[in-house]
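So the chains spell out like this:
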Amino acid sequence: MVHFRREKYVNRGGPDGGTGGKGGDVVFRVNPHLNTLEKFRHQTIFKAEDGRRGGVKNQTGRSAENLIINVPPGTIVREVGTGGQIADLVEENKEVIVCPGGRGGRGNIRFANSHNQAPRIAEKGEPGDEKTLHLELKLIADVGIIGMPNAGKSSLLASVTNAKPKIANYPFTTLVPNLGVAVLDDEITMILADIPGLIEGAHSGIGLGDTFLKHIQRTKVLIHLLDGLSSDQMADFAQINTELSLFDPDLGKKPQVVAINKIDIPDVREKLESIKEIFKEKGIEVSVVSTVTHENTKKLLWRAKNLLDELPDVEKEITLPVYHPESKDKEFEVVKVEKGWVIKGGSIERAAEMTYWEYFESVRRFHRILESMGIGDALRNSGIHEGDSVFIGEHEFEWADEWGNA
Ligand code: GDP
Ligand code: MG
């Protein structure tokens, strides 16, 4: 604001126009209760509020609230166009500022100095940042289910996750059919991944996609499911573990909860004790479950959950980057066009945006910025003439060299 104090008996007071408030930041925040990007189907434009105007008596305008957009854990944010990754949002309540709000323009009180005690100059607020973003949800499974083909991995996933219909509804991930959210109780959920392709794919030499690989590498605990109907569970167990390690050594090291499936079948029941014994000799405790009758499946999940809780939380150590869009900001480019000269660059375009072109002082200040950034020299070196048109963002003005030196 441009404003001067008005007081009784004081003919003309000093400048007292305050600075405008800061615009709100647009922020993504991880909300662990979300597991889809569904809401972005309905709303695709998000805008934080502007800051309030500065006031008289050097009152700073109120800053706008930040706009918080909740996203599920596992959301990857990329900038459309460059494709650059802005954030990989994993940890609960983690935030990333995707578009910082502009700072408030300074009021005329801030432009007063010994030479000019009554500045009629203020700044417009800095324009907010604007971005087009691409969101991708990479659900992070806590637990991967592994085992031989037919062990019952898919059945287990279907029987313990309440999300069967919902799973088919995830249009945002290619891993759709293999993921589910298990509800252990009101507060505790666990994301399970059925990992069929791993062994079956490795077997037949079918390459697995990068995303898929990344996904299972992020699981922390594995449920190793054994087929009760198989003739040799220990052989199956060893084979899967070998292939797992061959596929990715880190996967082979992940802690496992071992379970024998299909105990609803009498033949399987009969062999249970002897199978358990064989594993016990190797120091491995096995659970016994049926995905058909659901016997012990919940217990199995709790075993996995407890193991999960014992692990150090690796994800929490990941520090997420805050996106700073200003790094290349001071760079500029001078392009000769038919009509004159175009100057491109984040910083200078913003300075132009913040200038009150109708005020001489404000314009002069803009010219000083132009010079301090070296743009004046760049223009002169390119052969600009007095009176040539210069275009910056939306603005056009005539080049006048002595202004630059003012
Ligand atoms: P996957 O290849 O490991 O994913 O195994 P599936 O989940 O596709 O199951 C293979 C077969 O075993 C299917 O015919 C299932 O119906 C069957 N099956 C899975 N779990 C059980 C179980 O607990 N009891 C019985 N009787 N059959 C099961
Ligand atoms: Mg399967």
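Note that residues are indexed from 1 along each chain, following the sequence as it is written. Chains carry letters and ligands carry numbers; both start at the beginning, A for chains and 1 for ligands, and go up in the order they are written. With the structure being a predicted model, the display of local features is reserved for residues of pLDDT at least 70 and the display and counting of side-chain atom pairs for 80 or more, all residues being used for whole-chain, interface and lining totals. As a rule here, side-chain values come from all non-hydrogen atoms in the structure, and water together with hydrogens is ignored.

Chemist: Break down the nonpolar core for me, with residues and values.
Modeler: Only buried residues count toward a nonpolar core, which is a set of Ala, Val, Leu, Ile, Met, Phe, Trp, Tyr and Cys residues joined through side-chain atoms within 4.5 Å. Throughout, exposure labels follow a simple rule: accessible area from a 1.4 Å probe, protein chains only, divided by the maximum for the residue type, with under 20% read as buried, over 50% as exposed, and the rest as partly exposed. Residues Val 143, Met 190, Leu 192 and Leu 301 are the most contacted members of the largest nonpolar core, which totals 21 residues. Those elements that provide at least two residues to this core are strand E7 (143-147), helix H2 (153-160), strand E9 (189-194), strand E10 (221-227), strand E11 (256-261) and helix H9 (297-310). The biggest single contributor to this core is H9, with five residues. Should any heavy atoms of two residues lie within 4.5 Å, those residues are considered in contact. In this view, Met 190 contacts Asp 142, Val 143, Gly 180, Val 181, Ala 182, Leu 184, Leu 301, Ala 304, Lys 305 and Leu 308; residues no more than four positions away in its chain are not counted. Grouped together as the second largest cluster of nonpolar side chains are 17 residues, Ala 48, Ile 86, Val 98 and Cys 99 included. Strands here are runs of E lasting at least two residues and helices are runs of H or I lasting at least four, both read from the DSSP assignment and numbered beginning at the N terminus.

Chemist: Before we move on, could you go through H9 and cite the residues and values that matter?
Modeler: In this analysis, the expected span of each helix is defined as 1.5 Å times one less than the number of residues it contains. With 14 residues, H9 extends 20 Å between its outermost C-alpha atoms, agreeing within 8% with the 20 Å of an ideal straight helix rising 1.5 Å per residue. The set of residues buried in H9 consists of Thr 297, Leu 300, Leu 301, Ala 304, Lys 305, Leu 307 and Leu 308. For H9, the angular spread of the buried residues around the axis is 165°, confining them to a single face. When the buried face of H9 is taken as reference, the exposed residues oriented beyond 90 degrees from it are Lys 299 and Glu 310. The arc refers to the directions leading from the helix axis to the C-beta atoms.

Chemist: Run through the confidence of the model for the chain, naming residues and quoting values.
Modeler: Each residue carries a pLDDT score, the predictor's own confidence in it, on a scale running from 0 to 100. The predicted model of the chain has a mean per-residue pLDDT of 81, with 84% of residues at 70 or higher. This stretch, residues 163-177, has a pLDDT under 50; its non-local contacts, to residues over four places away or in other chains, come to 25 contacts. Overall, residues 199-211 carries pLDDT values under 50, and its contacts beyond four positions in sequence, including any with other chains, amount to 16 contacts.

Chemist: Hey, could you go over the sheet that holds strand E1 (residues 26-30) for me, with residue numbers and the actual values?
Modeler: A pair of strands counts as paired when DSSP detects no fewer than two bridges linking them. With mixed pairing, the three strands of this open sheet are ordered in space as E2-E1-E5. Looking at strand neighbours, the two that pair on one side only are strand E2 (67-71) and strand E5 (95-99), the edges of this open sheet. In this sheet, neighbouring strand axes are inclined to one another by 30° on average, regardless of whether the strands run parallel or antiparallel. Here five bridges tie E1 to E2, and the two strands are oriented parallel to one another. In this description, a line fitted to the C-alpha atoms serves as the axis of each element, helices being fitted only across the stretch in contact, and the angle between N-to-C directions of two axes falls anywhere from 0 to 180 degrees.

Chemist: Residue-level account of the pairing of strand E3 (residues 75-79), with values.
Modeler: Of all five residues that make up E3, four are buried, and the element is covered over most of its length. Taking the residues that link successive antiparallel strands as the turn, the E3-strand E4 (residues 85-89) hairpin has five residues, and the phi of Gly 81 there is positive, at about 105°. The sheet contact formed by E3 and strand E6 (residues 133-137) spans five bridges and is antiparallel. Paired with Thr 75 across the strands is Leu 137, a residue of E6.

Chemist: Pulling in residues and values, what's your account of unusual backbone geometry?
Modeler: Even without being a glycine, Lys 57 presents a positive backbone phi close to 55°. A relative accessible area of 66% means that Lys 57 is categorised as exposed. You will see that Lys 262, though not glycine, has its phi angle at about 75°, which is positive. When you line up the elements, Lys 262 lands in the loop between E11 and helix H8 (266-281).

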